[in-house]
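# Structure assessment
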Amino acid sequence: MFVSKSLFFAMEPLSISEFESFYVGGTVRQVEQKLFGRQNQVSGAMYVQRLVPKHRRFPFPVVFIHGGMHTGVTWETTPDGREGWQTLFARAGFETLVIDQAWRGRSAPDLSGLNPALELQEHVGPAFTCGYEIGMHFAREGGRFSDGHWKHYGSQLWPDFGVPSAMAEGTPGRSDPRALPPLVELIDRLGLAVLVTHSQGGHLGWQATLARPQKVAAIIAIEPGQTCPGLDDPAFPDIPVRLVWGDNLAETGAALTISDVQQAKAIATRRPRVSVDWLPENDIKGNGHMLMMEDNNAEIAARLQAWLLQQFPSEPLQE
């Protein structure tokens, strides 16, 4: 066990009133299996884990949407065993919902797609995954990512069927289009929600908001893989949006560059409810791409919680 037991007792016990997990969406199709014969298989359902604190301070549930090649584990913990944003937000009085995007992780993918020779018609492209070196890349020649825990980081990476075609078309931050319908269904079920997105999940958040403009109350986009198209769409609703980037961004490239920050700042001049938090400009330096996992993840979480509470000031909700 790589985590010191002392880490589990660093905070007060978390008081929750509800904890559940469930699936949203998906379709049923018949498949012929060698072992069991003809079977009805569910494809494309989305896994959701919901945590409701005993003392709520915020009126809307917060849905956390992970990025490419990852799952909801992104938000649950850090590679060195500290608390992730799922529970850090719950401690601050926010109802949290963590998803695994459809076709990844606990969302029951069709693993026959791992073999390109068995690629099925509904797949966007052959499966793609990566090694834990991607974490070193995301650290951007420094970062505040957990040194010495690369194996534990790499263990959570997941094949991503949408990456090959997105990269081939020069849009590496684009999400798998099959992830959108179950997310929209979840938003419909919630009625009104805040989205917290990361990287490739940023594009998915923009698309979900355009699909349900009256049901997304606000968005926090952590280093979105694509700011446009999406946020620049004339149909995008006038809601609070906060875009956050870490340090040491590349000058040029297909995604995650200084030009992305400049693009967001330009949109913010036209949309007063859009704001940009480029952390090094606010004396928070050294962060890479995985802000929710780095050594100051609790500090950044508190910063985002304060922004949300400022957008929707209210008295603490009753139990």
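Residues numbered from 1 in each chain as written. Predicted model: local features only at pLDDT ≥ 70, side-chain atom pairs only at ≥ 80, totals over all residues. Heavy atoms only, no water.

### Considerations on the packing of aromatic side chains
Following the criterion strictly, the structure yields 11 aromatic pairs and no others. On the basis of an interplanar angle of 50° and a centroid distance of 5.1 Å, the ring pair of F64 and W75 is categorised as tilted. Placement of F64 in strand β5 (residues 62-65) and of W75 in helix α1 (residues 73-76) is noted, with a sequence separation of 11 residues between them. With relative accessibility at 0%, the residue F64 sits in the buried group. In textbook terms, an aromatic cluster arises when at least three aromatic residues are bridged by ring pairs, as seen for F58, F60, F64, W75, W85, F89, F94 and F312. (Phe/Tyr/Trp six-rings, centres within 6.5 Å; stacked < 30°, edge-to-face > 60°. Helix = DSSP H or I, 4+ residues; strand = E, 2+ residues; numbered from the N terminus. Buried < 20%, exposed > 50% of the residue type's maximum accessible area, 1.4 Å probe, protein only.)

### Notes on the packing of helix α6 (residues 180-190) against helix α7 (residues 200-211)
The N-to-C vectors of α6 and α7 enclose an angle of 55°; their axes lie 10 Å apart at closest approach. In terms of orientation, α6 lies oblique with respect to α7. The element α6 and its partner α7 pack so that their crossing is right-handed. Together, L180, L183, V184 and I187 of α6 and L204, Q207, A208 and A211 of α7 make up the contact between the two elements. (Axes fitted to C-alpha atoms, helices over the stretch in contact; angles between N-to-C directions. Parallel < 35°, antiparallel > 145°, perpendicular 65-115°, else oblique. Left-handed = near helix turned anticlockwise from the far one by under 90°. Contact = heavy atoms within 4.5 Å.)

### Considerations on unusual backbone geometry
For the bond from C228 to P229, the omega torsion is 0°, close enough to zero to count as cis. Following the sequence through the fold, P229 ends up in the loop between β8 (216-222) and β9 (241-245). Notably, S199 is not glycine yet its phi reads approximately 55°, a positive angle. Summarising the element assignment, S199 is placed in the loop between β7 (193-198) and α7. Since its relative accessible area comes to 12%, S199 is described here as buried.

### Considerations on the side chain of R242
With respect to the secondary-structure elements, R242 resides in strand β9. A distance of 2.9 Å separates polar atoms of two side chains, one belonging to R242 and the other to S275. (Polar contact = N/O pair within 3.5 Å; in protein donor to acceptor, adjacent residues only side chain to side chain.)

### Remarks on the confidence of the model for the protein
In the predicted model, the protein carries a mean pLDDT of 85, and the fraction of residues at 70 or more is 84%. In the predicted structure, residues 1-9 sits below a pLDDT of 50 and forms 11 contacts with residues beyond four places in sequence or in another chain. In the predicted structure, residues 113-124 sits below a pLDDT of 50 and forms 28 contacts with residues beyond four places in sequence or in another chain. (pLDDT = per-residue confidence, 0-100.)

### Examining helix α8 (residues 258-270)
For α8, spanning 13 residues, the distance from its first C-alpha to its last is 19 Å, which sits close to the expected 18 Å at 1.5 Å a residue. When α8 is considered as a whole, its buried residues turn out to be I258, D260, V261, A264 and I267. On its buried face, α8 sits against β9 and β10 (274-278). (Expected span 1.5 Å × (residues − 1).)

### Remarks on the sheet that holds β10
In space, the 8 strands of this open sheet follow the order β1-β4-β6-β5-β7-β8-β9-β10, with mixed pairing throughout. Edge strands, defined here as strands with exactly one partner in the open sheet, are β1 (16-24) and β10. Direction aside, the axes of adjacent strands within the sheet are offset by 15° on average. Judged from the 4 bridges that link them, β5 and β7 form a sheet pairing that is parallel. Counted as the bridge partner of V62 is V194 from β7. Against the sheet, α8 contacts β9 and β10, and its axis sits at roughly 150° relative to β10. (Pairing = 2+ DSSP bridges.)

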